[in-house]
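# Chains, contacts and geometry: an overview
One letter stands for each residue in the lines below.
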Amino acid sequence: ASYYLANQSLQTINVSCGNVTGNITIEATLVSNPQPNDWFKTYTLECNANAQANTDPANNANAQLFTNIQGSYVWMRAVVYDFSSGVIDYVKLSY
């Protein structure tokens, strides 16, 4: 993402979801034309609407949050794993 801006290495991820059970993972690559094995995880948000109250997975199930990721990457993407319920309103990336 910020690879093309030379000296900038901070990306901000903004997530909004409701009653979600699943994992939202931000992946990045250092390759211009990536193959499946070129991607690696930079951040994972674990959401579980059925988790015990006041735990991170339960709190994340209805998240409206942002976080910063440090690094200079060519491409970044959001991937959803183990999704079983809820609504992911958006996952936004800015750099």
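Just above, that's the structure.
These numbers were taken from a predicted model, which means no experiment stands behind them.

Moving on: the packing of aromatic side chains. What the rule picks out here adds up to one aromatic pair. Positioned above the aromatic ring of W39, the side-chain terminus of R77 is 4.0 Å from the ring centre. Above the face of the Y90 ring, K92 is positioned so that its terminal group lies 4.4 Å from the ring centre.

With that out of the way, let us pick up the nonpolar core. Core analysis: the largest hydrophobic core is formed by 13 residues, its most contacted members being V15, C17, I69 and M76. Those elements giving two or more residues to this core turn out to be β1 (10-29) and β2 (40-47). By residue number, the principal contributor to this core is β1, which donates seven residues. The residues contacting C17, other than those within four sequence positions of it, are C47, N60, A61, N62, A63, V87, I88 and D89.

Now for unusual backbone geometry. Its identity as a non-glycine residue notwithstanding, N19 has a phi of 55 degrees, on the positive side. In this structure, N19 sits in strand β1. Backbone geometry places D82, a non-glycine residue, at a positive phi of 55 degrees. Examined against the element boundaries, D82 turns out to sit in strand β4 (residues 75-94). Residue D82 is classed as exposed on the basis of its relative accessible area, which comes to 64%.

Moving on: the pattern of salt bridges. For side chains of opposite charge, pairing can occur when their charged atoms come near one another. Tallied over the full model, the rule gives one salt bridge. Two residues, E27 and R77, come together in a salt bridge whose shortest N-O distance is 2.9 Å. Residue E27 is found in strand β1, and its partner R77 is found in strand β4; the two are separated by 50 residues along the sequence. Take R77: its relative accessible area is 35%, and that puts it in the partly exposed class.

Our focus in this paragraph is the pairing of β1. Across the 20 residues that make up β1, a large majority, 15, are buried. As paired strands, β1 and strand β3 (residues 64-70) are joined by seven bridges and run antiparallel to one another. From the neighbouring strand, L10 faces β3, where its bridge partner is Q70. Sheet analysis places β1 next to β4, joined by 15 bridges and oriented antiparallel. Note on β4: the bridge partner recorded for N23 is Y81. Note: β1 against β2, seven bridges, orientation antiparallel.

Parameters and conventions
Residues numbered from 1 in each chain as written. Predicted model: local features only at pLDDT ≥ 70, side-chain atom pairs only at ≥ 80, totals over all residues. Heavy atoms only, no water. Phe/Tyr/Trp six-rings, centres within 6.5 Å; stacked < 30°, edge-to-face > 60°. Lys NZ or Arg CZ within 6 Å of the ring centre and 35° of its normal. Core = buried A, V, L, I, M, F, W, Y, C linked by side-chain atoms within 4.5 Å. Buried < 20%, exposed > 50% of the residue type's maximum accessible area, 1.4 Å probe, protein only. Helix = DSSP H or I, 4+ residues; strand = E, 2+ residues; numbered from the N terminus. Contact = heavy atoms within 4.5 Å. Salt bridge = Lys/Arg side-chain N within 4 Å of Asp/Glu carboxyl O. Pairing = 2+ DSSP bridges.

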